[in-house]
Amino acid sequence: MAIDMERAEELVADFAGKEASVTELLLDIQDEFNYVPEKVLEMVSEKLHVPLEHLLGVVTFYNAFTTAPKGRNHIKVCTGTACVVRGSRAILETVISELGVEPGEVTEDGAFSIESVHCFGTCAHGPVIVTAKDFYGYVTQAKASDIIDTIKEADEEASE
Ligand code: FES
């Protein structure tokens, strides 16, 4: 998906002159795009005369930021050892085939992205899927399909 640089420049223009830290601007950018695109960071660096290394440092340091694109619904599938033993690889495959994208990618419509996570620290409940709103334990392939269907319906309703 193309990055709306015009919108990004508006955010920078709104920010300029405010008594706020650049972290707040980066949070606004993250809210707008669901991640902080490197291209936008380069533009911010140039416009505000802040070294790019500093901006990258902020984005890397705080967990709230991500430099990888995320869909409106970000699905995290645990592929840690305990979950793999309980079948999480098949669950990840189910999620991939339901959504048609690989971990690290976003669906064309921006609705979904997948992340393969190494452990949520809740191994006893594995296999585990975590979304922005919910934690799902003891996930089966059928349950993974149901989870995706439910989120798809909610996303469609929200965008109507
Ligand atoms: S390995 Fe999946 S939660 Fe720990």
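**Q** Would you mind going over the overall build of the protein chain with me for this structure?
**A** Secondary structure summary: the protein chain contains seven helices and four strands in total. Secondary structure elements of the protein chain, listed N to C terminal, follow the sequence α-α-α-α-β-α-α-β-β-β-α. If one aligns the C-alpha atoms of the protein chain with their principal axes, the spans along those axes are about 50 × 35 × 25 Å. Among the 160 residues that make up the protein chain, the fraction classed as buried is 40%. Partitioning the intrachain contacts of the protein chain with sequence separation of at least 6 by distance along the chain shows that 63% fall at a separation of at least 24. Accessible surface, the protein chain as shown: approximately 9300 Å² in total, 49% of it carbon and sulfur.

**Q** How do you make sense of helix α3 (residues 38–48) when you look at a structure like this?
**A** Spacing of three or four residues puts side chains on the same side of an α-helix, whose turn is 3.6 residues. Among the residues of α3, those classed as buried are V40, L41, M43, V44 and S45. Where α3 is buried, its residues meet α1 (5–15), α2 (22–33) and α4 (52–61). The first or second residue beyond α3 is H49, which carries a positive phi of 55°.

**Q** I would appreciate a short explanation of the domain arrangement of the protein chain in the present structure.
**A** It is common to give the size of an interface as the accessible area lost on bringing the parts into contact. Domains assigned within the protein chain are domain 1 (5–61) and domain 2 (73–158). Here domain 1 and domain 2 have C-alpha centroids that lie 30 Å from each other.

**Q** What am I meant to see in the sheet that holds strand β4 (residues 135–136) here?
**A** Consider a sheet: its strands pair through backbone hydrogen bonds, and that pairing is either parallel or antiparallel. Taken in spatial order, the four strands make up an open sheet running β2-β1-β3-β4, and their pairing is mixed. Edge positions in the sheet fall to β2 (112–117) and β4, since each of these pairs with one other strand and no more. Here strand β1 (residues 73–78) pairs with strand β3 (residues 129–130) via two bridges, running antiparallel. What sits directly across from V77, in β3, is I129. Docked against the sheet, helix α6 (residues 88–99) engages β1, β2 and β3, running at close to 155° with respect to β1. Sitting on the sheet, helix α7 (residues 141–158) touches β1, β2, β3 and β4, and the angle it makes with β1 is about 170°.

**Q** Help me understand the confidence of the model for the protein chain in this model?
**A** Caution applies to low-pLDDT regions: their predicted coordinates should not be interpreted in detail. On average, the protein chain scores 91 in pLDDT, and the residues at 70 or more come to 99%. When mean pLDDT is compared element by element in the protein chain, α6 scores highest at 97, while α4 scores lowest at 89.

**Q** Sorry if this is basic, but what is going on with the side chain of T94 here?
**A** Among the secondary structure elements, T94 is positioned in helix α6. One polar contact links T94 to Q141, side chain to side chain, over a distance of 3.1 Å. In this structure, T94 is in contact with Q141, A144 and S145, ignoring residues within four places of it in sequence.

**Q** What's the story with the packing of α6 against α7 in this structure? I'm lost.
**A** Packing of α6 against α7 leaves a shortest axis separation of 9 Å and a crossing angle of 35°. As α6 packs across α7, the resulting crossing turns out to be right-handed. Contacts from A90, I91, T94, V95, E98 and L99 in α6 reach Q141, A144, S145, I148, D149 and K152 in α7.

**Q** I'm lost on unusual backbone geometry in this one. Help?
**A** Negative phi is the rule for most residues except glycine; trans is the rule for most peptide bonds. With omega at -5°, the peptide bond leading from G126 into P127 counts as cis. With respect to the helices, strands and loops of the structure, P127 is situated in the loop between β2 and β3. Even without a glycine there, the phi angle at N34 is positive, about 70°. Its place among the elements puts N34 in the loop between α2 and α3. Residue class for N34 comes out partly exposed when judged on its relative accessible area of 31%. Not every positive phi belongs to a glycine, and H49 is a case in point at roughly 55°. With respect to the element layout, H49 can be found in the loop between α3 and α4.

Rules and cut-offs
- Residues numbered from 1 in each chain as written.
- Predicted model: local features only at pLDDT ≥ 70, side-chain atom pairs only at ≥ 80, totals over all residues.
- Heavy atoms only, no water.
- Helix = DSSP H or I, 4+ residues; strand = E, 2+ residues; numbered from the N terminus.
- Buried < 20%, exposed > 50% of the residue type's maximum accessible area, 1.4 Å probe, protein only.
- Contact = heavy atoms within 4.5 Å.
- Areas by Shrake-Rupley, 256 points an atom, 1.4 Å probe, with all protein chains shown as cover.
- Domains from an automatic or database assignment.
- Pairing = 2+ DSSP bridges.
- Axes fitted to C-alpha atoms, helices over the stretch in contact; angles between N-to-C directions.
- pLDDT = per-residue confidence, 0-100.
- Polar contact = N/O pair within 3.5 Å; in protein donor to acceptor, adjacent residues only side chain to side chain.
- Left-handed = near helix turned anticlockwise from the far one by under 90°.

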